[in-house]
Amino acid sequence: MMTWQTTWAVNKYWFMSRSQALYNRGRLLAKDNEWNADKEQEFTRLVTIADDLVPTKATLTTAYQHVWGYFKKICTQEERATYIRLLATLAPGNDDLGPFLKQLAIKYQVGYLLQSRLIKNL
């Protein structure tokens, strides 16, 4: 059974990729690490709302910049250049950046990201 911390960790970048407001609401639910039936119901409602949202360039950019933070100090110069190039051309219908970040998560074995719903769904 997943703990609340694990549930939030798995979903937080996915929320961010869809809506900063939903991400913020989820973050508030996670605050103080106290989970109850009301919070669970609200979290489930937020997931349902997020499921219906299509990521925008802005929401994808925010989420991917957070994910990039795991690699910026360990990546190669070529990987950095690829990130910058893909970020510049990012659009919901042209998302090569997400799969690239997934490749980096696998290459560098960033377990936290490998468990992330955002990365798993790419």
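Residues numbered from 1 in each chain as written. Predicted model: local features only at pLDDT ≥ 70, side-chain atom pairs only at ≥ 80, totals over all residues. Heavy atoms only, no water.

Engineer: Explain the nonpolar core here, please?
Structural biologist: Most often, soluble globular proteins keep nonpolar side chains buried together rather than apart. Grouped together as the largest cluster of nonpolar side chains are 34 residues, with contacts concentrated most on Phe-15, Val-67, Phe-71, Leu-97, Leu-101 and Leu-113. Taken together, the elements giving at least two residues each to this core come down to helix H1 (4-16), helix H2 (20-30), helix H3 (37-51), helix H4 (57-68), helix H5 (77-88), helix H6 (97-107) and helix H8 (117-120). Examining the composition of this core, we find that six residues originate from one element, H1, more than from any other. Phe-15 has contacts with Trp-8, Leu-22, Tyr-23, Phe-43, Leu-46, Val-47 and Ala-50, leaving out every residue within four places of it along the chain. (Core = buried A, V, L, I, M, F, W, Y, C linked by side-chain atoms within 4.5 Å. Buried < 20%, exposed > 50% of the residue type's maximum accessible area, 1.4 Å probe, protein only. Helix = DSSP H or I, 4+ residues; strand = E, 2+ residues; numbered from the N terminus. Contact = heavy atoms within 4.5 Å.)

Engineer: For this particular structure, what's the right way to read H4?
Structural biologist: Side chains of residues three or four places apart in an α-helix project in the same direction, reflecting 3.6 residues per turn. Under the 1.5 Å per step criterion, the end-to-end length of H4 is 16 Å for 12 residues, consistent within 8% with the ideal 16 Å. All buried positions along H4 are accounted for by Thr-59, Leu-60, Thr-61, Ala-63, Tyr-64, Val-67 and Trp-68. Buried positions along H4 lie against H1, H5, H6, helix H7 (111-114) and H8. (Expected span 1.5 Å × (residues − 1).)

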